[in-house]
Structures are given as structure tokens and as C-alpha cells.
Amino acid sequence: MADVSARELQVSVVSADRELWSGAAKQVVARTTIGQIGLLAGHEPVLGILASGEVRITTTDGEVITAQAEDGFLSLQNDVVTIVAGAAELV
């Protein structure tokens, strides 16, 4: 069995008009319509509707990227996270 701690997520945060951020991450935390969700490498596939709020991405080197997002969705499959928001900006 592979060591999950050595794996990483490939993350892309996209607003309606541009890509805001993409890269490798250890963790993604986002607010959905059913509550906050934390995603790590090896997580089961997920599709969720974003609620207005922060998306926090912890990169593989420990930097925290924060975006304010609303009206969109997030998906995770095979350690690839895609966050698509109608409106989003890095804060």
C-alpha cells in the first residue's frame, strides 16, 4: 500500500473569467452547502456545491493560499481537485 503522506493533491482554482491558482498541495479546506470539508491525498471522490466563503489551500511547502469564492462547485478524483466558482478572488 502506498504511503498517503507522500502523495499530494493537484489543485486548480478557477473563476468565471480566469484561473486564479494551480499547483501541488497537501490539503484543501472549503465551505460547501452542507458544511466545511477538508481534502487530503487519497480521499474518496467528492463533488460538492460551494457555499460563499473561504477556500484554503496548504501547498506542499506549507504556504497557505486563501481565496474567497461563491457560486460554484468543487470536485476531487484521483488526487486532482478542481474548484470552479462564479466569482472568486485571492485574499
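Throughout, a residue's number is its position along its own chain's written sequence, starting from 1. Thresholds applied to this predicted model are a pLDDT of at least 70 for local features of residues and 80 or more for the giving and counting of side-chain atom pairs; totals over whole chains, interfaces and linings are not thresholded and use all residues. Remark: hydrogens and water are excluded; side-chain values derive from all non-hydrogen atoms of the structure.

With respect to the overall build of the protein
What counts is decided by this rule: Numbering goes from the N terminus for both helices and strands, where a helix is a DSSP run of H or I of at least four residues and a strand is a run of E of at least two. For the radius of gyration, the atoms used are the C-alpha atoms, and the globule rule reads 2.2 Å times the number of residues raised to 0.38.
Scanning the protein for helices and strands turns up 0 helices and 6 strands. Walking the protein from its N terminus toward its C terminus, one meets helices and strands in the order β-β-β-β-β-β. Rg of the C-alpha trace for the protein: 12 Å, near the compact-globule value of 12 Å for 91 residues, within the 12% margin. Along the three orthogonal principal directions, the C-alpha set of the protein runs to about 40 × 25 × 20 Å.

Digging into the side chain of Thr59
What counts is decided by this rule: Exposure is judged per residue with a 1.4 Å probe applied to protein chains only, and the accessible area is read against the type maximum: over 50% gives exposed, under 20% gives buried, and values in between give partly exposed. The definition of a polar contact used here is a pair of N or O atoms within 3.5 Å, where within protein one atom must be able to donate a hydrogen and the other to accept one, and adjacent residues in sequence count solely through side-chain atom pairs. What makes two residues a contact is simply this: any of their non-hydrogen atoms within 4.5 Å.
Examined against the element boundaries, Thr59 turns out to sit in strand 4 (residues 46–59). A relative accessible area of 6% places Thr59 in the buried class. Only 2.4 Å separates the side chain of Thr59 from the side chain of Asp61, close enough to count as a polar contact. Excluding anything up to four places from it in sequence, Thr59 contacts Trp21, Ala24, Ala25, Lys26 and Ile65.

Here we look at the nonpolar core
Spelled out, the test is: Side-chain atoms within 4.5 Å link the members of a nonpolar core, which is a set of buried Ala, Val, Leu, Ile, Met, Phe, Trp, Tyr and Cys residues.
In terms of nonpolar packing, the biggest core is built from 23 residues, with Val11, Val28, Leu39, Ile57, Leu74 and Ile83 touching the most fellow members. Sorting the residues of this core by element identifies strand 1 (9–14), strand 2 (19–32), strand 3 (35–40), strand 4, strand 5 (64–77) and strand 6 (80–90) as the ones contributing at least two each. Ignoring anything within four residues of it in the chain, the contact list for Val11 reads Trp21, Ser22, Gly23, Ala25, Val28, Ile57 and Val81.

Focus: the environment of Ile49
Topologically, Ile49 is positioned in strand 4. Considered as a pair, Ile49 and Leu76 are 27 residues apart in the sequence and their alpha carbons are 12 Å apart.

Things to note about the side chain of Thr32
Mapping Thr32 onto the fold places it in strand 2. Excluding residues within four positions of it along the chain, Thr32 makes contact with Ile37, Ile49, Leu50, Ala51 and Leu74.

Looking at the pattern of salt bridges
Note the following rule: When a carboxyl oxygen of Asp or Glu lies within 4 Å of a side-chain nitrogen of Lys or Arg, that pair is called a salt bridge.
Under the defined criterion, the tally for this structure stands at 3 salt bridges. Between Arg56 and Glu54 there is a salt bridge, with the nearest N and O atoms lying 3.7 Å from each other.

Structural notes on the pairing of strand 3
Applied cut-off: Any two strands between which DSSP finds at least two bridges are classified as paired.
The sheet contact formed by strand 2 and strand 3 spans 6 bridges and is antiparallel. Note on strand 3: the bridge partner recorded for Val28 is Leu39.

Re the environment of Val55
By secondary structure assignment, the location of Val55 is in strand 4. Here the alpha-carbon distance between Val55 and Phe73, two residues 18 residues apart in the chain, equals 11 Å. Among all residues touching Val55, those that are not within four sequence positions of it are Val28, Val29, Ala30, Ile65, Thr66, Ala67, Ala69 and Ile83.

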